[in-house]
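Below are the chains, spelled out letter by letter.
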Amino acid sequence: MAEGAEVSHCIYEEREENMVSPKDEKRTRRVARFLKPCALHFNKAVAPPSTPLLCEVLDHNLQQWSSRVLFKGWKMPQAKWDEWVNRLAGKYCSIWNQAGICDAILSSRYEIRCTNKNILHGLVEFWSSETNTFVFPWGEATFTLEDMMVLGGFSVLGRPVTRPVNGLLVEIVEEMEKKRVEISRTKAKKACQFVWIKHFMELQNEYKYEHVAFLSLWLSRFVFPSLPEACIGRHVFPIAAQLSQGTRLALAPAVLSGLYKDLSLLKKQALSCREEISVPGPFQLLQLWALERFQPLLKNSPNALKPGEPRAARWHRLPSGAISLPLVRTVLKLQENFQWRPYAADLINWSYSSYYTKNKPSFFHSAKHSDENLRSYIRCLCASELVGVEHCKEKYFPNRVAMQFGMDQDLPGEFSKLYFAPGTDVGFFVPPRSFEPSVSARYLHWWKISKSARADTIEKHVKVAIQKIEKYNASIEERNVPMHKESPRTLERSKPEESRSYVIPEVPGKSNHTVQRKASATPQFPKQVKKESPLDYRDDDHIPLSERLRHLGNKPACLHKASTTSRPTKFVSSTSPVQDKNVKKRKLATTTEGLAKKINAGDFAKNVVKIAKKGRKGSDNKASVEVGVPFRMEHKHKIEPKVSGKDAAREGKKAMAKGSLKNCMGADDPKRMPKGFLKNPVAVDDCMVNATNQTQGVGLLMRVQNIEKILGVKT
C-alpha cells in the first residue's frame, strides 16, 4: 500500500490495474490512482449522456452555422481602463492580493480578440448539459476550476459570492445604488460602463468609494457580465463591497458555474435554429482554453511571457487566423491533438505552483496545514456543486476528466455529497509534471460499449421524431383531401363560355377612372363577395328576345317596373387595383330592386333615356367603360378590371356625342360593334317598328342590350 493510502479520508483511490496508454494503446499492469467517486463495475458507473449532441444533429458537411452568435459578455478593455488600473494598483495592490483578485484584474488589461468564432462553435457541438463536459469521440474533457484559476486568475477558495452583507458593507452598497441612479438620470439614461468610468476618473481621489466603483465596473464587464450589456449591474455591488475590504470570495466556482450555464444555453438556442443567438458569459476564457489544449488550432505562435505576467498575456492581441468549421471538427475529434496538462509543460517565465514537482509524486496526509496553492488544488479535484450569481447552480465532475489533473481515469461513480466538502482534512496525491496518465482497460471497454448503446438510443430518438413528423404530415393530407376533391368540380362548373365586348357609358357620378372589364378565361373567386344570383331566366333561356319584348310591349324590359321577387345581379369586382374610401362608388351596376325602392318606374325610364341621349354631357366622367359579358353570365364568374387606353376613351366620347334615339351610343357604327356580330345577326321580330334595314335593327338590339347590361338585367 502506498503512503497516501494510510489516510482514512482520501480524494483518490489507489489499486493495481491493467492500464492502457491513450497515445499508442499499449497495455501495462501497474499501480494506478483514480479520483473519487469511481466505480468497479459497469452497472455502478454513471453512463455517458444519452441525449444527442449538437454535432450529431447538425449536418457533418455544414460549413457554417445558420444562426448568428453574439458573445455579448466578450469585452475588451476600455481606453481609460489601463490608466485606472495603474493608478489604483499602487494604493490597493495589497488588498487585491489578500482578496485573491490581483491576477484577475491584471488579466483584464489584455485584449483577447474574437477573430474566429468557429473554434467556439465547434466546441459547443460536443457540449453535454448532463455532465457539463465536452463528449469527444475519444473521451470527455471540460473547463475545470484549475483552468479558471490559471487562465482567469480567479480564486477557488473563499466565501461564496451569494453571502449577504451587513454592517458597513450595507452602507457601501446603498451608496453605489445612489450613484447608479444618479448616472441613469443623465443623458445616457442608464448606468452604462463608459459613463461610469468617465465619471469616477474625473473625480480622481476625491470620492472615498472610488475603489468600490472600480471593482463594480471590473465585475460587471469582465467577471459577471449580464444583459443588457455595457451596464453596471446591481448584482455586483455586494461582491465589490466585500472585495474592497480584502475579503476573499470564491470567484472561480461562480464564474465557472455561469460559463457552464451559458454553454448549455448556447447549445439549446442552436438546436432551436434561431436566426440570432446572444449569450452573456465570458467566452474569451473558453477560447483561451481551446488554444492552450488544441495546438493545431493555432495559426500564430503565442506571445512570450514576461516576468510577472499572467497566463492570458500569451494571447494578447493575437489573431487566431481563419479556421473553417470542418477543420475545427477534425482537430477536436483526434485525441492526439489534445494536451492533457498544458500548465505542467515547460514555459519560459512561467512559475509553476508549489505542488508541481518534476519527477517525483507528492503525497499529503492532511490539507489543514497546507499552503494556499495546495488547498486550491484540492478544491479543483473535488466533485461539487458550483454556486454562482443570480441563482445559478451547476454540477462539477472532475472525476470524469481526471487525466486533466495528471490522474489515471477509471469508471466515473455516482455523484455523492461525501466528496462535496474540500475544506475537510483529507489526504491527496499530486503527480509529477513528467507523469503521463492512462485509462484503465475496464474504462476503455466501458467507453466503447457506452458509445454503441448511446448511438442506438439516439437512433431511436430520431426514428420517433421521424414517425411524429410523418404522422403529422399524414393528418394534414387527410384534412386537405376534401378540398382537392371539390376543386375540380368547382372549376368545371365555373368554366366560362364565349364572351363578347360591349361599350357602355358610365353612370354620371361614378368612378373617374376608365376601367376595362372582361370575363376571365380562368375562373377566379373574389374574396368576401356576397353570392347573388341573376334574374331567374334559366328556365326560358331559349325564348328569343323578340318574344320576350312582345310580352313587355315595345319597351325594353329595363323600362318596366322591376319585380320585387326577382333576384338582383351585381357585376362588381372585389379585386380592383384601386382601393380607397370611394370604392363603393365604383360599382358598374346597381340592382333593379334597389332602384325601384328609390324612384318610380316613370322617373326611372326618363333617367335611362337621358343617359342614352346625352351620353357624357354634364357628367364629370371622362372615360367610357368596356365590359366583356358572356352570353350566360352567372354569379360565379369573376370579372377582372383593366384600365383602357386613351384612344378607347376618345372613341367612347365621340360615340356618345352623336348618340340619339335612332343611333344610341353609336351602336350602328360597325367599328363600335363586336367582332363577328354582323356575321350572326340576331333575329328581330315585327315588334321592331319598320325594321327593314338590318343594320338599324341590330343597332336597336344593341341599345336594348347595353341598357340591360347597365342595370344588371340578363339578356
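(A) Spotlight on the environment of Lys 395. Tracing the backbone shows Lys 395 in strand β11 (residues 393-396). Considering only alpha carbons, one finds Lys 395 and Tyr 260, 135 residues apart in sequence, at a separation of 9.0 Å. In this structure, Lys 395 is in contact with Asn 132, Tyr 260, Ser 384, Glu 385 and Phe 415, ignoring residues within four places of it in sequence.

(B) Focus on the sheet that holds strand β2 (residues 27-35). The three strands lie next to each other as β2-β1-β14, forming an open sheet whose pairing is antiparallel. Every interior strand has two partners, whereas the edge strands, β2 and β14 (439-440), have only one. Here strand β1 (residues 12-20) pairs with β14 via two bridges, running antiparallel. Within the sheet, the bridge partner assigned to Val 20 lies in β14 and is Val 439.

(C) Structural view of the packing of aromatic side chains. Scanning all chains against the criterion turns up 29 aromatic pairs. Between Phe 71 and Phe 283 the ring centres are 5.1 Å apart and the planes differ by 50°, which places this aromatic pair in the tilted class. With Phe 71 in strand β4 (residues 68-71) and Phe 283 in the loop between β8 (276-279) and α11 (284-293), this pair connects stretches of sequence that are 212 residues apart. For the pair shown, Phe 71 and Phe 283 are each scored as buried. Between Trp 81 and Trp 84, the aromatic rings sit 6.3 Å apart at their centres with planes inclined by 85°, giving edge-to-face as the arrangement. One end of the pair is Trp 81 and the other is Trp 84, both in helix α2 (residues 81-99) and three residues apart, which spans about a single turn. No difference in accessibility class separates Trp 81 from Trp 84, as the two residues are buried. Here Lys 179 stacks its cationic end above the ring of Tyr 207, 4.9 Å away from the centre of that ring.

(D) Layout of unusual backbone geometry. Between Lys 36 and the following residue, Pro 37, the backbone shows a cis peptide bond with an omega angle of -5°. Mapping Pro 37 onto the fold places it in the loop between β2 and β3 (38-39). Backbone geometry at Glu 25 places phi at a positive 60°, although glycine is not the residue there. Phi at Asn 132 is positive, roughly 55°, even though this residue is not glycine. Tracing the backbone shows Asn 132 in the loop between β5 (127-128) and β6 (133-136).

(E) Representation of the packing of α2 against helix α8 (residues 210-223) in the model. Contact geometry of α2 with α8 gives a least axis separation of 11 Å together with a crossing angle of 115°. By the angle between their axes, α2 is roughly perpendicular relative to α8. Crossing geometry of α2 relative to α8 is assigned as left-handed. For the pair formed by α2 and α8, the contact residues are Trp 81, Trp 84, Val 85, Arg 87, Leu 88, Tyr 92, Ile 95 and Trp 96 on the first element and Glu 210, His 211, Ala 213, Phe 214, Leu 215, Leu 217, Trp 218 and Phe 222 on the second. Its residues placed into classes, the contact of α2 with α8 shows 13 nonpolar, one polar and two charged.

(F) Structural view of the pairing of β6. Where burial is concerned, the two faces of β6 agree: the one with Thr 133 and Val 135 and the one with Phe 134 and Phe 136 are both buried. Alignment of β5 against β6, held across two bridges, turns out to be antiparallel. When the bridges of β6 are listed, Trp 127 appears paired with Phe 134. If you look at the hairpin formed by β5 and β6, you'll find four residues sitting between the two strands, and Asn 132 has a positive phi there, around 55°.

Rules and cut-offs
Residues numbered from 1 in each chain as written. Predicted model: local features only at pLDDT ≥ 70, side-chain atom pairs only at ≥ 80, totals over all residues. Heavy atoms only, no water. Helix = DSSP H or I, 4+ residues; strand = E, 2+ residues; numbered from the N terminus. Contact = heavy atoms within 4.5 Å. Pairing = 2+ DSSP bridges. Phe/Tyr/Trp six-rings, centres within 6.5 Å; stacked < 30°, edge-to-face > 60°. Buried < 20%, exposed > 50% of the residue type's maximum accessible area, 1.4 Å probe, protein only. Lys NZ or Arg CZ within 6 Å of the ring centre and 35° of its normal. Axes fitted to C-alpha atoms, helices over the stretch in contact; angles between N-to-C directions. Parallel < 35°, antiparallel > 145°, perpendicular 65-115°, else oblique. Left-handed = near helix turned anticlockwise from the far one by under 90°. Nonpolar A, V, L, I, M, F, W, Y, C, P; charged D, E, K, R; others polar.

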